[in-house]
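Per-entry structural report
Read off the chains here:
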Amino acid sequence: ILGNVFFPPAVYGGKIEWLNQMLEQRADGSFPAADKLLEAAEYYRFDGWFINQETEGGSQETAQKMKEFLMYLQKNKKDGMHIMWYDSMTEDGRINWQNALTDKNNAFLQDGNNRVSDSMFLNFWWKNQEASNLKAKEIGRSPYDLYTGIDVEAKGTLTKVPWNGIFPEGKSPNTSLGIYRPDWTFNSSKTMNEFYQKEQD
């Protein structure tokens, strides 16, 4: 169970000053907001945080500060705690969904010898994740630290998915699978029997 830190796109009310406030750093290098995230996870005994930064207006300096923030979480988290990053911000600070692990976003997963995040949730507009698999191995990470996103919120089991792009026939999966809004089965059902049937489908 991961808590969610979500900075929405400006069209949904996001403000870059909220991100800048989270990334404020003390003179000793610590991040007050990161300390509070770790404290909350430990107090309420959940497993970590999903960081989703989709607010436009950042710069290369913003992206660098975000990496430092994530590495601070890595350094100070309790054993077993998990930090997941969402494929949204790129290293130039822009919001530019890659739908894959690429040279533009891989430093939010691994930056040289520094583990930045424990996993990355890849955005939904993809066709094949073979390149993500290869890029993960290239930077020294497991391709199963990548969760290829499938958005079932609107259409549920009718969602069209290019399954071979994750699970090529006769080969190992390219990445792990990340299902966004699996609660669709419950929220779209009027009766418990309908819910159970959708769960089986």
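Below or above, wherever it landed, is the structure these notes cover. (Residues numbered from 1 in each chain as written. Predicted model: local features only at pLDDT ≥ 70, side-chain atom pairs only at ≥ 80, totals over all residues. Heavy atoms only, no water.)

1. Quick word on the overall build of the protein chain
Helix and strand content of the protein chain: 6 helices and 8 strands. Along the chain direction, N to C, the helices and strands of the protein chain fall in the order β-α-α-β-α-β-β-β-β-α-β-β-α-α. Relative to the compact-globule value of 17 Å for 201 residues, the protein chain shows a C-alpha radius of gyration of 18 Å, a close match. With the C-alpha coordinates aligned to their principal axes, the bounding extent of the protein chain is approximately 55 × 40 × 35 Å. In the protein chain, which comprises 201 residues, the proportion classed as buried is 47%. For the protein chain, restricting intrachain contacts to residue pairs at least 6 apart in sequence, the fraction spanning at least 24 positions comes to 69%. Roughly 11500 Å² of accessible area belongs to the protein chain as shown, and the carbon and sulfur atoms make up 50% of that amount. For the protein chain, the distance from the average site of its 22 positive side-chain charges to the average site of its 28 negative ones is 2 Å. (Helix = DSSP H or I, 4+ residues; strand = E, 2+ residues; numbered from the N terminus. Rg over C-alpha atoms; globule rule 2.2 N^0.38 Å. Buried < 20%, exposed > 50% of the residue type's maximum accessible area, 1.4 Å probe, protein only. Contact = heavy atoms within 4.5 Å. Areas by Shrake-Rupley, 256 points an atom, 1.4 Å probe, with all protein chains shown as cover. Lys, Arg positive; Asp, Glu negative; His and termini not counted. Charge placed at Lys NZ, Arg CZ, Asp CG, Glu CD.)

2. Things to note about the nonpolar core
Met66, Phe69 and Leu70 are the most contacted members of the largest nonpolar core, which has 33 residues in total. Element by element, the count of residues in this core is highest for helix α3 (residues 60-76), at 6 residues. When sequence neighbours within four positions are dropped, the list of residues in contact with Met66 reads Leu19, Met22, Leu23, Gln53, Trp85, Met89 and Phe108. If you look at the next biggest cluster of nonpolar residues, it comprises 6 residues, including Trp126, Ile150, Val161 and Ile166. (Core = buried A, V, L, I, M, F, W, Y, C linked by side-chain atoms within 4.5 Å.)

3. Regarding the packing of aromatic side chains
Pairs of aromatic rings are described using the distance from one ring centre to the other and the angle between the two planes. Under the counting rule described, the total for this entry stands at 14 aromatic pairs. Aromatic pair Phe50 and Phe121: ring centres 6.1 Å apart, planes at 55°, arrangement tilted. Of this pair, Phe50 sits in strand β2 (residues 48-53) while Phe121 sits in strand β6 (residues 119-122), placing them 71 residues apart in sequence. For Phe50, a relative accessible area of 18% translates into the label buried. Judged by its relative accessible area of 9%, Phe121 is buried. Here the aromatic cluster, defined as three or more aromatic residues joined through ring pairs, consists of Phe50, Tyr86, Phe121, Phe124 and Tyr180. The residue whose ring lies beneath Lys198 is Trp184, and the NZ or CZ to ring-centre distance is 4.7 Å. (Phe/Tyr/Trp six-rings, centres within 6.5 Å; stacked < 30°, edge-to-face > 60°. Lys NZ or Arg CZ within 6 Å of the ring centre and 35° of its normal.)

4. Here we look at the pattern of salt bridges
Using the criterion set out here, one finds 15 salt bridges in the structure. Taken together, the salt bridges that share partners define one network made up of Lys67, Glu91 and Asp111. (Salt bridge = Lys/Arg side-chain N within 4 Å of Asp/Glu carboxyl O.)

5. Remarks on the sheet that holds strand β1 (residues 2-7)
Taking strand neighbours across the sheet as the criterion, the 6 strands line up as β1-β2-β3-β6-β7-β8 in an open arrangement whose pairing is parallel. Both outer strands of the open sheet, β1 and β8 (176-180), are each paired with one neighbouring strand and no more. This sheet shows a mean twist of 25° between the axes of neighbouring strands, independent of strand direction. Strand direction decides the pairing type here: strand β3 (residues 82-86) and β6, joined by 3 bridges, are parallel. Counterpart to Trp85 in the pairing with β6 is Met120. (Pairing = 2+ DSSP bridges. Axes fitted to C-alpha atoms, helices over the stretch in contact; angles between N-to-C directions.)

6. What about the environment of Asn76?
If you trace the backbone, Asn76 turns up in helix α3. From its side chain, Asn76 meets the backbone oxygen of Tyr72 in a polar contact 2.8 Å long. (Polar contact = N/O pair within 3.5 Å; in protein donor to acceptor, adjacent residues only side chain to side chain.)

7. Section: the packing of helix α2 (residues 32-44) against α3
Here α2 crosses α3 at 40°, and the two axes come no closer than 10 Å. Considered as vectors, α2 and α3 are oriented oblique to each other. In this structure, the crossing between α2 and α3 has a hand that is right-handed. Residues Ala33, Ala34, Asp35, Leu37 and Leu38 of α2 form the contact with α3, whose participating residues are Phe69, Tyr72, Leu73 and Asn76. (Parallel < 35°, antiparallel > 145°, perpendicular 65-115°, else oblique. Left-handed = near helix turned anticlockwise from the far one by under 90°.)

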